[in-house]
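The chain contents come next:
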There are 2 protein chains.
Amino acid sequence: MDARSPTSSRQSPWLPFESRRRARDEKREAVLRMAVQLFLEQGYHRTTLNDVAERLNITKPALYNYFRGKDEILFECWAIGNERVDDCITGIASGGGTGLAKLRKLIVSYAEVMTTDYGKSLVRFDVRDLTEHNRRIVNTAKRKIDRAFRDYIAEGIADGTIKPCDPKLSAFAIAGSLNWIGHWFHPGGPMAAQAIAEEFAIRLTEGIATTSTRKKAGKPPRKTKTSREDRSEHHPRTAARAAGQSQRARNRLR
Amino acid sequence: MDARSPTSSRQSPWLPFESRRRARDEKREAVLRMAVQLFLEQGYHRTTLNDVAERLNITKPALYNYFRGKDEILFECWAIGNERVDDCITGIASGGGTGLAKLRKLIVSYAEVMTTDYGKSLVRFDVRDLTEHNRRIVNTAKRKIDRAFRDYIAEGIADGTIKPCDPKLSAFAIAGSLNWIGHWFHPGGPMAAQAIAEEFAIRLTEGIATTSTRKKAGKPPRKTKTSREDRSEHHPRTAARAAGQSQRARNRLR
DNA sequence: CCCGTATATTACCCACGGGTAAGAAATAGT
DNA sequence: ACTATTTCTTACCCGTGGGTAATATACGGG
């Protein structure tokens, strides 16, 4: 059965009787990688902590060395995805450009995140499975993302690059299309993540942009796909990432 | 607490010590109305059959007179929503019009369904909570809906009312926006369901339509349609409805 | 080599909730 | 009014799975 499909990057750090001295954080992340994968594959409620532990060659109580409980694992998966979106937003906010340009950038980045496991967790996980405290954090973050879409649209209307429209409704329409990616996209499919992202950036803005954005004919479809290590949550660890969200930084009090 | 908010149409037919002789089907539908409401409000897994029964002034085992189990209740909720979408599709297919016109009609109808409880169940419920058999039915129906979107787009490209584009990707983009309605729409909000539906029909097609669809100023928003009894799953029982799906017709074998 | 700490295991607890059995209460038919 | 049938209730079963306690094993430092 299953024969250890090569999908999920490298193996678990707990190879049965082998060097088991990985750094704590690496193991923690390995748990999250496996958990998000199983949560997406089977659904949160159908995934037991035994499932997660078993696939990592450990037992359930060992997980409690790294997490307070199941809901915290869920939250941390979500937090990683949110961190990535948040990086996109701050990156776009720092750079200049018209409202339309910013909106397109956001669409591309957001769409790409949506094709990753952690990105999917932003829309596939149910906020009601979290504690009251974490649920509030999630809702705040969601409002921030929504605000980014609306602000860029409003900015575009103000600077003339976007036709007058209701920013709220347009943001819902765009975000809906993008979030839906997290439901249908599967890495093995015919379209590469990056190609989808760029296609959506055009498609979703060509209705509201003032300048006609008919695809420049000369552009060859060579986009090289997501290139190396295409699937499996690459976790770039770019410098200056630590400034992301305030929560989640502390490596568990212990 | 809650004070019996006026959202959910009329009360349960099992008022504690009152005429309890409602027809079987009415009670069955009352169960479904309450169930879909609770499933949406609390989530399927957090809603117990006791919750459903209690709010109907009965006890859990009484539900088993009408349904085989929890997952069947879920399925029937989904089936009602699907029936409505299916009616839209067959209605559009029977009438004529360009590809673009059909697509717009579908968007309007689908969006309106998405603002109802049963419509939301199409996108908020998890297929994996169903039995293998019912899951197959759901997936088949979903493919049919997807096909309708793609076909109308392809038709529009063929008849020149829609710009050349990838029907699959465009269908995903449009369906994503519409499905998302089922996540954010709440009947108490500032926008009426019908207004949203018509706005989306314009917004989602203005990018791919060949004819400029800038909102014709003269069009008064009188469309009547869903008009009276706007919320709360009115269940029109229109004639010739029974021909809908083959499944679900039989009132449980018993 | 010994001890303290971190890490993992085995063996358990128990609340929750879907589902069932047996029988009471209402209903319909004649 | 008596019976057959449907409908509903009380009382229970039990599998599941999150979480914990006690303990064993590995590891690092002196």
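Reading the values: rules and limits
- Residue indices begin from 1 for each chain and proceed along its sequence in written order.
- Ligands are numbered from 1 and chains lettered from A, in the order in which they are written.
- Residues qualify for local features only when their pLDDT is at least 70, as the model is predicted, and side-chain atom pairs are given and counted only at 80 or more; totals for whole chains, interfaces and linings, by contrast, use all residues.
- Hydrogens and water are ignored here; the side-chain numbers use all heavy atoms of the structure.
- Note on geometry: axes are C-alpha line fits, over the in-contact stretch for helices, and angles between N-to-C directions span 0 to 180 degrees.
- Comment: elements are numbered from the N terminus, with helices defined as DSSP H or I runs of at least four residues and strands as E runs of at least two.
- Under this scheme an angle from 65 to 115 degrees is roughly perpendicular, one under 35 degrees roughly parallel, and one over 145 degrees roughly antiparallel; angles in between are oblique.
- For a crossing to be left-handed, the near helix must be turned anticlockwise from the far one by less than a right angle; the clockwise case is right-handed.
- Whether two residues are in contact is decided by their heavy atoms: any pair within 4.5 Å suffices.
- Only protein chains enter the accessibility calculation, which uses a 1.4 Å probe; a residue whose area is less than 20% of its type maximum is buried, one above 50% is exposed, and one in between is partly exposed.
- Classification of ring pairs uses Phe, Tyr and Trp, with its six-membered ring standing for Trp, and accepts pairs whose centres are within 6.5 Å; under 30 degrees between planes counts as stacked, over 60 as edge-to-face, and the remaining range as tilted.
- What sets the superposition is a least-squares fit of C-alpha atoms, and only residues with pLDDT of at least 70 in both copies go into it.
- Every case where a carboxyl oxygen of Asp or Glu lies within 4 Å of a side-chain nitrogen of Lys or Arg is listed as a salt bridge.
- In the analysis that follows, any N or O atom pair within 3.5 Å is treated as a polar contact, provided that within protein one partner can donate a hydrogen and the other can accept it, and provided that, for residues neighboring in sequence, both atoms belong to side chains.
- In this classification, Asp, Glu, Lys and Arg are treated as charged, Ala, Val, Leu, Ile, Met, Phe, Trp, Tyr, Cys and Pro as nonpolar, and every other residue, Gly included, as polar.
- Between the first and last residue of a helix there are one fewer steps than residues, each counted as 1.5 Å, and that sum is the expected span.

**A word on the packing of helix H6 (residues 117–124) of chain A against helix H8 (residues 167–184) of chain A**
Residues and elements named next belong to chain A.
- As a packed pair, H6 and H8 sit with axes 9 Å apart at the nearest point and diverge in direction by 115 degrees. Between H6 and H8, the angle is such that the two are roughly perpendicular. For the pair H6 and H8, the crossing hand works out as left-handed. In this structure, H6 uses Lys120, Val123 and Arg124 to contact H8, whose residues at the interface are Asn179, Gly182 and His183.

**Considering helix H6 (residues 117–124) of chain B**
Residue and element names in this part refer to chain B.
- Within H6, 6 of the 8 residues are buried, which leaves it mostly tucked inside the rest of the structure.
- The complete set of buried residues in H6 reads Tyr118, Gly119, Lys120, Ser121, Leu122 and Val123.
- Tucked inside the fold, the buried residues of H6 contact helix H1 (24–42), helix H4 (70–94), helix H5 (99–114), helix H7 (132–159) and helix H8 (167–184).

**As for the packing of aromatic side chains**
- Taken as a whole and judged by the stated rule, the model has 12 aromatic pairs over all chains.
- Ring centres 5.6 Å apart and planes at 85 degrees place the aromatic pair Tyr110(A) and Phe149(A) in the edge-to-face group. With Tyr110(A) in helix H5 (residues 99–114) and Phe149(A) in helix H7 (residues 132–159), this residue pair connects regions lying 39 residues apart in the sequence.
- Accessibility expressed as a relative area gives 6% for Tyr110(A), which makes it buried.
- Under the relative-accessibility criterion, Phe149(A) is labelled buried at 2%.
- Ring geometry for Phe39(B) versus Phe125(B): centroids 6.0 Å apart, planes at 80 degrees, classification edge-to-face. With a gap of 86 residues between them, Phe39(B) in helix H1 and Phe125(B) in the loop between H6 and H7 connect regions that are remote in the sequence. Accessibility classification places Phe39(B) together with Phe125(B) in one group, the buried group.

**Structural notes on the relation of the copies chain A and chain B**
- The transform that puts chain A on chain B rotates by 180 degrees and translates by 0.0 Å along the axis, for an RMSD of 0.0 Å. Considering both components of the superposition, the chain copies are consistent with a two-fold axis. No C-alpha of chain A lies nearer the rotation axis than that of Gly207(A), which sits 1.9 Å from it.
- The overlap is high: 100% of the interface residues of chain A also sit at the interface in chain B, so the same surface is used on both sides.

**A few points about unusual backbone geometry**
- Although it is not a glycine, Asn57(A) adopts a positive phi angle of roughly 65 degrees.
- Its relative accessible area of 34% is what places Asn57(A) among the partly exposed residues.

**Digging into the interface of chain A and chain B**
- Each side of the interface is counted separately: chain A has 35 residues, and chain B has 35 residues.
- Across the pair Asp129(B) and Arg46(A) runs a salt bridge, and its minimum N-O distance is 2.2 Å.
- Seen at the junction of chain A and chain B, the total is 14 residue pairs in polar contact (both at pLDDT 80 or more).
- When residues of the side of chain A that touches chain B are traced back to their parent elements, those giving at least two are helix H1 (24–42), H8 and helix H9 (193–203) of chain A.
- With 11 residues, H8(A) is the single largest residue contributor to the side of chain A that touches chain B.
- Split into classes, the residues belonging to the side of chain A that touches chain B amount to 14 nonpolar, 8 polar and 13 charged.

**A few points about H7(B)**
Residue and element names in this part refer to chain B.
- Its 28 residues place the ends of H7 40 Å apart at the C-alpha level, agreeing with the 40 Å of an ideal helix rising 1.5 Å per residue.
- Among all positions in H7, only Asn134, Ile137, Val138, Ala141, Ile145, Ala148, Phe149, Tyr152, Ile153 and Gly156 are buried.
- For H7, the elements touching its buried residues are H4, H5 and H8.
- Of the residues one or two after H7, glycine 160 is the one with positive phi, at around 85 degrees.

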